[in-house]
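Coordinate analysis (summary)
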Amino acid sequence: MSDRLLDGLTSRRAGIALLAVTLCLPPFYLDAFWLRIGLFSMAAAIGAVGLALLTGTAGQLSLGHAFFLAVGAYGYVWLAGEPGPGLPPGLAALLAVLLAGAAGGLFSPVAGRVRGIYLGIATLALVFLGHHVLLTADSVTGGFNGRSVPPLTLGGFTFGAGDPELTVLGVPFGAEERLWFLGLALFAFTWFTARGLLRGRPGRALAALRDSETAAGVMGVDVARHRSAAFVVSSLYAGLAGVLLALAFRRVVPDYFSLALSVDYLAMIVIGGLGSVAGATAGAVFVTALPLLMTRYADQLPLVTAPGSAEGFVGPTEAARYLYGAAIVLVLLYAPDGLHGIVRRARDRVRLRRPRTPGTDPVTSPPQPAAAARSKEHTP
Amino acid sequence: MNDRTPAAPPVLGVRDVTVRFAGLTALDGVSFTVVPGSVHALIGPNGAGKSTCFNVLSGLCRPAAGTVTLGGTELTRLAPHRIAALGVARTFQNIVTTQGTVADNLMLGRHALSRAGFAASALRLPRAVREQREHLDRVREIAGLTGLGQHLGSPVALLSYGDRKRVELARALCLEPRVLLLDEPVAGMNAAERARMAEVIGDLRAELGLSIVLVEHDMGLVMRLADDVTVLDFGRPIAHGTPDEVRQDPEVLRAYLGADVQAEDAA
C-alpha cells in the first residue's frame, strides 16, 4: 500500500515537472501576441485566486476587486517612477503588494459589519471612489491619460526590451519573453501559497465562516479576525496581480480599473467554480483569453466583423462579451460548481471505474466550493 | 499534543440568568450547577428556553442579568471563540456542518487547539505541516471513538442524517472539551440510531470524564443518562433533582401534561 502511495506521489511529482517544463516552452515557439495572452491570463489568475479566497471560500461578496488591483498597479508605478519616490523597482513592487494588503485591511472594519449583498454594495463604493481618485490625483496617477510603467529590474536584469540583450537558444528575449517567466514564477507562488492556505487551518476556518458564522464562533474561530484577514489576503493577491498587469500593459490608465473589471473577476470565479484555486485559474484564462482571441480571429468568425469596419453585425469585443455571458448562464444552469466541478466529476467517474485505491489522505482535499445556489444553514 | 486534562473538569455554574428578547422573557432567573464529570439534563416543553440557555452558555447570547462561570472564569462577557478555547464545545439542534469531508469538519473542531496562521499555512512551513499531521492523527482516533472511522474521507453531504449528527458530536469532541453541550443529540433519529448515540454518549463520559449538559426531548434517554435534571417551563426553572425525583414532581407533570393532572390525581 505504501508502495502505491509512493507511486502516486512520484507520478504526481512527474506530472508537476512536466507541466512546469511545458509552461516554460511558449516563449521559444510563440509570438508576442500569444505571450501577451498568456501574461494577461497569469495576472488575471493571480487576482482571481485572491477573489476566490474571499468570495468563494470565505463567502464575502466583493465588487471592489478592481480597486485593489488598481492600488497594486498604481502603487508600483508611483513608487518606482518619476514623479514619485523612485524606489528600486523590485522594492516598489513588494511595497505595492503590501499597500494593496493595507488597503484591504483599512476596509476590513466595514467588511466586519456588513454581510452578503450589502457588503457587495459597500465594495462597489470603493471602485467608484478609486476611479475618481485615479482621474483627479494627477500628480500621482497621471490623471485621465495614466502613466507609463517603469520596467521591473531585479539585480541588474531588466524585465523589458533590452539591458542586457539576451538570446536564449537562438530566440531573442524581449519584454514579453522575460515577463512570461516572471508571470510564471509569480503564478506558481500564488498557486503554492493559496493551496496551502485552503488546505490548512485558515482555509477550514474561512469555509466555516461561509457556512455559518455562529457555528464557526462556537468551534473556536475568531469570526471578526478571520473576516478581515480574508480581505487582507485577497487584497494582497489583487495587488500582486495589479503589479504584473501594469508591467504587461506598460501603461496604466484609470478606465481599465472600472466596475466592469470587478465583474470580470466575479465571472472568472463563477465560471471556474467558487472556492478552488484551479477553478479560478481556468476561469481567469477563459475570461481573459476569449476577447483577445475573438479580436484576433474576428474575420474568420461568422457574423463578427473585423475591428474598425463600419458595417456588419457585431464587433469582436461585443461578440466576446456575448459569448462569455452565455458561458456564465450555461455554467450556472448545468454546472453550478464551474469548470473545476466538471473536471472533478469526470475524474471521479474514471476513478469509480478503476478499483478504489486505499490510503488516500482525506484532508488533502481543499474545502469544497460552495455551489452557487446553496443557501446558508440556519443556526439558532 | 494530547490536550485532555486528566484532572476533573471545572464546575459550570449558572446563576440567576435572565434573557429578554424585546419584551419576551426567554429565561427568567435560571440557576443550576453542573457537577464535574456528570451528565446534567435540561428538559422542558417546546419554547421553555433550553436552546436559549445553551446560547448563553456558548456565548452566542448575552444575558440581561446573571452570570455563567466555568471554574473561576466568568463566561458571560466572553466571545464564543474564547469560550470554546476554554474547553466548552457544543452541537446544534439542527445539524451545522461545513462542506467538505468528515475529516475537514473534524479538523475544524481542532481550530482552537492549533496555531498555524495565514503566513505559516500559505508558505507551508514545516511547523504548520507537522501540526496538521499530528492533529489529523487525533482526528482519526476521535472518528474511531464515535464510529465514523470509515467515513473520514467522505463528503459530509453524502452521509445519512444519523451519521451527520455524529459528525457534529465528533467535531465537538475534537475541541478536547471539558464541558460538552449537546442540543438534542438524538432528535430525528430512528430507534437503532438513538440506542447507538446513547451508547456513545455513555462511553464518552466514562472514558473522557467530561461534564455533559444535555437538552433532549427523548425522556428515555434523559432518564438513562442523566445524573441531574433541571426542568424549565416558560423560561423559569420549575424543578431540580435526580431523574426519579423529577419524574414524580407535580409541577413537572403539570407543565408537560396540562393543568388538570393534579385535579385528576386528587379526585
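The shown structure was predicted, so the numbers you read here are calculated from the model rather than taken from an experiment. Each residue is numbered by its place in its chain's sequence as written, counting from 1. Here the convention is simple: chains get letters from A, ligands get numbers from 1, in the order in which they are written. This being a predicted model, a pLDDT of at least 70 is required before a residue's local features are given, and a value of 80 or more before pairs of side-chain atoms are given or counted; all residues contribute to the totals for chains, interfaces and linings. Side-chain metrics in this entry use all non-hydrogen atoms of the structure; hydrogen atoms and water are not considered.

1. Some points on the overall build of chain A
Labels follow the DSSP assignment, with helices taken as runs of H or I lasting at least four residues and strands as runs of E lasting at least two, numbered in each case from the N terminus. Helix and strand content of chain A: 15 helices and six strands. Only protein chains enter the accessibility calculation, which uses a 1.4 Å probe; a residue whose area is less than 20% of its type maximum is buried, one above 50% is exposed, and one in between is partly exposed. The buried share among the 380 residues of chain A stands at 49%. Here, residues are in contact when the closest pair of their heavy atoms is within 4.5 Å. Considering only contacts within chain A whose residues lie at least 6 apart along the sequence, 74% involve residues at least 24 apart. Summed over all atoms, the accessible surface of chain A reaches about 17700 Å², with 68% contributed by carbon and sulfur. Residue-level accessible areas treat just the shown protein chains as cover; the underlying method is Shrake-Rupley with a 1.4 Å probe.

2. Examining the sheet that holds strand 1 (residues 12–21) of chain B
By way of backbone hydrogen bonds, the strands of a sheet pair with one another, either parallel or antiparallel. Residue and element names in this part refer to chain B. Two strands are counted as paired when DSSP detects at least two bridges linking them. Strands sit in the order 2-1-4-5 across an open sheet of four strands; the sheet is antiparallel. Two strands close off the open sheet at either side, each with one partner strand: strand 2 (24–34) and strand 5 (73–74). Two strands pair when backbone bridges link them, and strand 4 (residues 65–70) and strand 5 are joined in this way by two bridges, in the antiparallel orientation. Each bridged residue has a counterpart across the sheet, and for leucine 70 the counterpart in strand 5 is threonine 73.

3. A look at the packing of helix 12 (residues 259–272) of chain A against helix 13 (residues 277–296) of chain A
All names here are of chain A. Simply put, an axis is a line fit to the C-alpha atoms, just over the touching stretch for a helix, and the angle between two N-to-C directions goes from 0 to 180 degrees. At their nearest, the axes of helix 12 and helix 13 sit 7 Å apart, and the two run at 125° to each other. Judged by the angle between their axes, helix 12 and helix 13 are oblique. The way helix 12 lies across helix 13 gives a crossing that is right-handed. Residue-level inspection shows Asp264, Ala267, Met268, Ile269, Ile271 and Gly272 of helix 12 in contact with helix 13, the latter providing Gly279, Ala280, Gly283, Ala284, Phe286, Val287 and Thr288. Relative orientations are named as follows: roughly parallel for angles under 35 degrees, roughly antiparallel for angles over 145 degrees, roughly perpendicular for angles from 65 to 115 degrees, and oblique for any other angle. Helix crossings are classified by the rotation of the near helix relative to the far one: an anticlockwise turn of less than a right angle makes the crossing left-handed, while a clockwise turn makes it right-handed.

4. Describing the side chain of B:Lys165
Mapping B:Lys165 onto the fold places it in helix 6 (residues 161–173). Residues in contact with B:Lys165, not counting those within four places in the same chain, are B:Phe92, B:Gln93, B:Ile95, B:Asp183, B:Glu184, B:Pro185, B:Ala187, B:Met189 and B:Met197.

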